[in-house]
Amino acid sequence: VFANAKTRGFNIEDTHMTDPSKLSTLLSIVAMAWAYRCASQIKRDKAIRRKTHRRAEKSGFRVGFDTLKR
C-alpha cells in the first residue's frame with residue numbers, strides 16, 4: 001500500500017503538502033475512492049445479495065471497505 005501511495009500510482013509526494021490536516025483529508029479521499037473501486041470490481045465478479053425488501057444487503061462502499069480491511 002505504501003509503495004502504491006508513493007510511486008506506483010497515487011504519487012502523493014508530488015502534491016508537496018505539509019499541512020497535516022490537508023494531507024489527512026487527501027488520504028481520506030483516496031481511501032474512499034479506493035474502496036469504491038474495490039466495490040465496483042467485486043460487483044462485476046459477484047452481485048451483492050438483496051434482502052426480501054429488494055434493498056442491497058450492504059452498500060457498495062461497505063463491500064469495498066470490508067474488502068480493503070481483509
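Use the structure listed above.
Reading the values: the criteria
Residues numbered from 1 in each chain as written. Predicted model: local features only at pLDDT ≥ 70, side-chain atom pairs only at ≥ 80, totals over all residues. Heavy atoms only, no water. Helix = DSSP H or I, 4+ residues; strand = E, 2+ residues; numbered from the N terminus. Buried < 20%, exposed > 50% of the residue type's maximum accessible area, 1.4 Å probe, protein only. Contact = heavy atoms within 4.5 Å. Areas by Shrake-Rupley, 256 points an atom, 1.4 Å probe, with all protein chains shown as cover. Axes fitted to C-alpha atoms, helices over the stretch in contact; angles between N-to-C directions. Parallel < 35°, antiparallel > 145°, perpendicular 65-115°, else oblique. Expected span 1.5 Å × (residues − 1). Patch = residues over 30% accessible without salt bridge, like charges linked within 9 Å, V, L, I, M, F, W, Y side chains within 5 Å. Salt bridge = Lys/Arg side-chain N within 4 Å of Asp/Glu carboxyl O.

Right, let's get into the overall build of the chain. In terms of regular secondary structure, the chain is built from 3 helices and 0 strands. Traced from its N-terminal end to its C-terminal end, the chain shows the element sequence α-α-α. Per-residue burial over the chain gives 14% buried out of 70 residues. Long-range contacts, defined here as pairs at least 24 residues apart, represent 28% of the contacts in the chain between residues at least 6 apart. For the chain, the exposed surface amounts to about 6000 Å²; the carbon and sulfur share of it is 55%.

Attention now moves to the packing of helix α2 (residues 20-45) against helix α3 (residues 60-69). Between α2 and α3, the shortest axis-to-axis distance is 7 Å and the interhelical angle comes to 100°. Taken together, the axes of α2 and α3 are roughly perpendicular relative to one another. Here A31, M32, W34, A35, C38, A39, I42 and K43 of α2 lie close against α3, whose contacting residues are G60, F61, V63, G64, F65, T67 and L68.

To continue, consider α2. Since there are 3.6 residues in each turn of an α-helix, residues three or four apart along the chain are aligned in direction. If you check α2, its first and last C-alpha atoms are 37 Å apart, about what 26 residues at 1.5 Å a residue would give, namely 38 Å. Inspection of α2 places V30, A35, C38 and A39 among the buried residues, and these make up the whole buried set.

This next bit is on a nonpolar patch on the surface. Residues I29, M32, F61 and F65 make up a contiguous nonpolar surface patch of roughly 370 Å² in combined accessible area. Counting residues per element, the ones that place at least two in the nonpolar patch are α2 and α3. Structurally, F61 can be placed in helix α3.

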